Amino acid sequence: MTINILTLTREWRLQVLAPLTRLFQKETRDDQIKSFISLAGVPLLAIIAFLLLWGGAASHIDTSLGKVPGPVKVWEQTLQLVEEHIQERAKEQGFYQRQEQRNQKILEDNPEAEVKIRPYTGKPTFFDQVWTSILTVLTGFIVASFVAIPVGIVCGLSTVLYRALNPLIQIFKPISPLAWLPIVTMIVSAVYISDDPLFAKSYVTSAITVTLCCIWPTIINTTVGVATIDNDLINVSKVLRLNWLTNVYRIVLPSSIPMMFAGLRVSLGIGWMVLIAAEMLAQNPGLGKFVWDEFQNGSSDSMARIMVAVLAIGIIGFVLDRLMLMLQKMVTWDPQAIIR
Amino acid sequence: MQSSHLVISHVSIEFPTRNGPFKALDSVNLDIAKGEFVSLIGHSGCGKSTVLNIVAGLHQATEGGVILNGKEVNQPGPDRAVVFQNHSLLPWLTAYENVALAVKQVFKGKKNKHEMDDWIRHNLALVHMEHAMDKRPAEISGGMKQRVGIARALAMEPEVLLMDEPFGALDALTRAHMQDSLLEIQSRLCNTVIMITHDVDEAVLLSDRIVMMTNGPAATIGEILAIELPRPRDRLELAEDTRYNHYRAEVVRFLHERHGKMSSTTPQRNTSLKAHATVQSIPPRQGLPKTSGVKCDIRINVSDSAADLPRNIA
Ligand SMILES: Nc1ncnc2c1ncn2[C@@H]1O[C@H](COP(=O)(O)OP(=O)(O)O)[C@@H](O)[C@H]1O
Ligand SMILES: [Mg+2]
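All values derive from a computational prediction rather than experimental measurement.

1. A closer look at the site of ligand 1
All names here are of chain B. Taken together, F15, F22, A24, S44, G45, C46, G47, K48, S49 and T50 make up the full set of residues adjacent to ligand 1. Within the side chain of S49, one N or O atom sits 2.6 Å away from an oxygen atom of ligand 1. For ligand 1, whose accessible area on its own is 560 Å², the fraction buried by protein is 63%. Elements with a contribution of two residues or more to the shell around ligand 1: strand 2 (20-32) and helix 1 (48-56). Counting residues per element, the shell around ligand 1 draws most heavily on helix 1, which supplies three residues. Here the shell around ligand 1 is composed, by residue class, of four nonpolar, five polar and one charged.

This is how it looks when you write it as structure tokens:
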């Protein structure tokens, strides 16, 4: 059991927790204390120092909305947001329950009657917005990966195609996806028309924006990874006369996976940053909109609530990166590859 | 004149470089009999790998060509399996899977799943690697990797086995061990082998003929030394054999002479000694299992003029 927890923490790279889990093991006390101090103690100290600095500095800055909130205030608002979420869910449940009761009554009177359940249209809570943002970034990222990996592989394999596409890639890469946002919005409004859309337009717009910035690092890294395959391995493939598909599947893909994943991780990181900005700019649902709404709201709590959102953005970005790292470790063959 | 098994005929190659074309090989001629073991030896950079790559089909000769069983070679294929210098196993596959990749490719439709499995295990057993067949290249030593590389090449049942300094990266002890393994395998399977080596003892111990190449650029074959030592060969017995030591001295002398000429501006070309096999009378190998089904006692003995080959000892 303890072994499991240990390997788990190691796998998740939560080394901070390793000393805690090791407490279950029979290690010498000195070793435990030493490793606790070096692994958990140092980062903990840094965090405490940061919170103190933040609290100290915050109380000295006055804004139009009052003093900049310190850690305590932000923590209060976090609890407040959780509370609001729970209340909103209760309200929603009540709403559906009432509808169901009403429908049941109608059906008892007249079994033939058509009954409908109207969706609840309450204001999305902070956690709803978080979830929307996560879904959007993952959608955009996955779509981008499905486009970028094949393009990267083909570019890496064919010099002609690489020469053809490279200028385009190099020009599109530095464009801020926010510059695309108006164009994407217009095109989505014009093209994505349906009476019963599966996804909201705002969701599609945000996801495409994320896709547009996620594509480039993955394409470039995959291309480089494929183009720099060990010449000997290419010769092995030639001697065996592997066909194109087998060659890609057995030789090219595995050997370019480390580079590919480096690209994917960069992509996801950029995608997450861009998404928040896009949501603020386009007023699309998500964390960005939450921040913007609070900014416009301008109540005395707003600044603390924005800070909660900012911290959430950071933590989610960190977790997404760790998830990618885990995936990378699952598919990579090289035990020596140092992955951070 | 008999039609030979493998003929390297007037092969020249020019590589395009920034300073214009670079002629690496000039008119290389060599006839190799079925089941013959030929070593290529020469100073580094003279073009040994280039010769091997042309036979493998990985490079195209600018002039001349390679003919295997009467057909011209112009692309790589599993009938000319290559053992690369640095093993070049796929690092994400286990030893078994590495061999399996080759077996599946070569015997697709010819062997069923069970037969393929048997064949993979058989070849791994040949190089004494059954015990580590589920290990990845990163988990085994250099010598073991090279063994798997050889197993992979042998599993293709190639007409010709091409080896580019297969044991160059190994320590002396492992190398001696691998040479013994190769001797044993060769006596059983009678593959036609072309092996590049830097090691004089290795060349004499393993080869039927040692092909010594002149220095580049425009390298060609300088001398060919037929090693008429009976097989099976044993390194301990041979160490005291006067013929063995004589052959050894011949190769060393050749390399030493060439080394002296390396500094001269014009590359020495020995036109009179280009590519003639010596008249040989090698006793047929003993102890060949009948089951191997490979006839390996065919020797093509071509000599246009024996006077061209003064140094070959009858
Ligand atoms: N692809 C290439 N392009 C240009 N020059 C090459 C190429 N391959 C080999 N050469 C040159 O040909 C010569 C012979 O190389 P090689 O066959 O690798 O020598 P070695 O005998 O050491 O195996 C060297 O001078 C090398 O620089
Ligand atoms: Mg070489």
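The structure having been displayed, the exposition proceeds.
2. Re the side chain of B:H43
Relative to the assigned elements, B:H43 resides in the loop between strand 3 (37-41) and helix 1. A distance of 2.8 Å separates a polar side-chain atom of B:H43 from the backbone oxygen of B:L255.

3. Digging into the nonpolar core
Among the nonpolar cores identified, the biggest contains 144 residues, and A:F126, A:W272, A:L287, B:L25, B:I194 and B:I210 are the most heavily contacted of them. Looking at which element gives the most residues to this core, the answer is helix 10 (residues 244-282) of chain A, with 11 residues. When residues no more than four places from it in sequence are discounted, the contact partners of B:I194 are B:L6, B:I32, B:V38, B:L40, B:L52, B:V55, B:V160, B:L161, B:L162 and B:M163.

4. Looking at the packing of helix 5 (residues 126-157) of chain A against helix 10 of chain A
All names here are of chain A. At a minimum axis separation of 7 Å, helix 5 and helix 10 run at an interaxial angle of 145°. In terms of crossing hand, the pair formed by helix 5 and helix 10 is right-handed. For the pair formed by helix 5 and helix 10, the contact residues are S133, I134, T136, V137, F141, S145, I149, I153 and L157 on the first element and W244, V248, V252, L253, M260, L264, S267, L268, G271, W272, L275 and E279 on the second. Within the contact of helix 5 with helix 10, the residues separate by chemical class into 15 nonpolar, five polar and one charged.

5. Quick look at the interface of chain A and chain B
At the junction of the two partners, chain A supplies 17 residues and chain B supplies 23 residues. In this assembly, chain A packs against chain B so that about 1,900 Å² is buried in total across both faces, 69% of it on carbon and sulfur atoms. Together, A:V239, A:L240 and A:R241 form the three largest contributors to the area buried by chain A at its contact with chain B, with a combined 34%. Our enumeration of links across chain A and chain B arrives at zero salt bridges. Of all the secondary structure elements, the ones that give two or more residues to the side of chain A that touches chain B are helix 9 (231-239) and helix 10 of chain A. No other element matches the six residues that helix 9 of chain A contributes to the side of chain A that touches chain B.

6. Things to note about the sheet that holds strand 2 of chain B
Residue and element names in this part refer to chain B. Strand order in the open sheet made by the four strands is 2-1-4-5, with antiparallel pairing throughout. Strand pairing shows two members of the sheet lacking a second neighbour, strand 2 and strand 5 (71-72), which therefore form its edges. Both strand 1 (residues 6-17) and strand 2 contribute to a ladder of nine bridges, which runs antiparallel. Looking at strand 2, one finds that T17 is bridged to G20. The strands touched by helix 1 are strand 1, strand 2 and strand 4 (63-68); relative to strand 1, the strand with the most contacts, the crossing angle is about 115°.

7. Things to note about the environment of B:V252
Residue and element names in this part refer to chain B. With respect to the secondary-structure elements, V252 resides in helix 8 (residues 242-261). Overall, the relative accessible area of 38% leaves V252 in the partly exposed class. On a C-alpha basis, the gap between V252 and D201 in space is 9.8 Å, while along the polypeptide they are 51 residues apart.

8. Quick look at the packing of aromatic side chains
Under the counting rule described, the total for this entry stands at 10 aromatic pairs over all chains. Ring geometry for A:F50 against A:W54: centres 6.0 Å apart, planes inclined by 40°, an arrangement best described as tilted. Of this pair, A:F50 and A:W54 both sit in helix 3 (residues 29-58), four residues apart, which is roughly one turn of the helix. With centroids separated by 5.7 Å and ring planes inclined at 15°, the aromatic side chains of A:F172 and A:W216 adopt a geometry described as stacked. Here A:F172, found in helix 6 (residues 159-172), pairs with A:W216, found in helix 8 (residues 201-227); they are 44 residues apart in sequence, far enough to count as distant. You can call A:F172 partly exposed: its relative accessible area is 28%. A residue is classified by how much of its surface remains accessible, and A:W216, at 13% relative accessible area, is buried. Aromatic rings pair up to connect A:F95, A:Y96 and A:Y120 into one cluster. Taking the ring centre of B:F107 as reference, the NZ or CZ of B:K111 above it sits at 4.7 Å. A cation over a ring is seen here: B:K111 above B:W119, with NZ or CZ 4.9 Å from the ring centre.

9. Quick notes on the pairing of strand 7 (residues 160-164) of chain B
Residue and element names in this part refer to chain B. Within strand 7, five of the five residues are buried, which leaves it mostly tucked inside the rest of the structure. Taking every second residue as pointing to the same face, both faces of strand 7 are buried, with V160, L162 and D164 on one and L161 and M163 on the other. Relative to strand 8 (residues 192-196), strand 7 runs parallel, the two sharing five bridges. Following the sheet pairing, D164 is matched in strand 8 by I196. Taking the sense of rotation as the criterion, the β-α-β connection linking strand 7, helix 5 (residues 172-189) and strand 8 turns out right-handed.

10. Concerning a nonpolar patch on the surface
Residue and element names in this part refer to chain A. Side chains of V154, L157, L161, W244 and L245 sit close together on the surface and give an oily, nonpolar patch of about 470 Å² of accessible area. Listed by contribution, the elements that provide at least two residues to the nonpolar patch are helix 5 and helix 10. Structurally, the position occupied by L161 is in helix 6.

11. Notes on the pairing of strand 1 of chain B
All names here are of chain B. Where strand 1 folds back on strand 2, the antiparallel hairpin that results is connected by two residues. Of the pairings in the sheet, the one linking strand 1 to strand 4 comprises five bridges and is antiparallel in character. Bridge pairing in strand 4 links I8 to V66.

12. Considering the pattern of salt bridges
Residue and element names in this part refer to chain B. Tallied over the entire structure, the rule returns 21 salt bridges over all chains. Residue R231 is joined to D208 by a salt bridge in which the shortest nitrogen-to-oxygen separation is 2.9 Å. Here the residue R231 occupies a position in the loop between strand 10 (221-226) and helix 7 (235-238), and D208 occupies one in the loop between helix 6 (200-206) and strand 9 (209-213), the gap between them amounting to 23 residues. Taken individually, R231 and D208 each receive the classification buried, so the pair is uniform in this respect. R243 is the partner of D241 in a salt bridge, and the nearest nitrogen-oxygen pair spans 3.5 Å. Exposure remark for R243: the relative accessible area of 40% places this residue in the partly exposed category. It is possible to trace a salt-bridge network through shared partners that takes in E223, E250, R253 and E257.

Parameters and conventions
- Residues numbered from 1 in each chain as written.
- Chains lettered and ligands numbered in written order.
- Predicted model: local features only at pLDDT ≥ 70, side-chain atom pairs only at ≥ 80, totals over all residues.
- Heavy atoms only, no water.
- Near = heavy atom within 4 Å.
- Polar contact = N/O pair within 3.5 Å; in protein donor to acceptor, adjacent residues only side chain to side chain.
- Areas by Shrake-Rupley, 256 points an atom, 1.4 Å probe, with all protein chains shown as cover.
- Helix = DSSP H or I, 4+ residues; strand = E, 2+ residues; numbered from the N terminus.
- Nonpolar A, V, L, I, M, F, W, Y, C, P; charged D, E, K, R; others polar.
- Core = buried A, V, L, I, M, F, W, Y, C linked by side-chain atoms within 4.5 Å.
- Buried < 20%, exposed > 50% of the residue type's maximum accessible area, 1.4 Å probe, protein only.
- Contact = heavy atoms within 4.5 Å.
- Axes fitted to C-alpha atoms, helices over the stretch in contact; angles between N-to-C directions.
- Left-handed = near helix turned anticlockwise from the far one by under 90°.
- Buried area = accessible area lost by both parts, 1.4 Å probe.
- Salt bridge = Lys/Arg side-chain N within 4 Å of Asp/Glu carboxyl O.
- Pairing = 2+ DSSP bridges.
- Phe/Tyr/Trp six-rings, centres within 6.5 Å; stacked < 30°, edge-to-face > 60°.
- Lys NZ or Arg CZ within 6 Å of the ring centre and 35° of its normal.
- Right-handed = clockwise from strand over helix to strand, strands pointing away.
- Patch = residues over 30% accessible without salt bridge, like charges linked within 9 Å, V, L, I, M, F, W, Y side chains within 5 Å.

What is shown is where atoms sit, not what they do.
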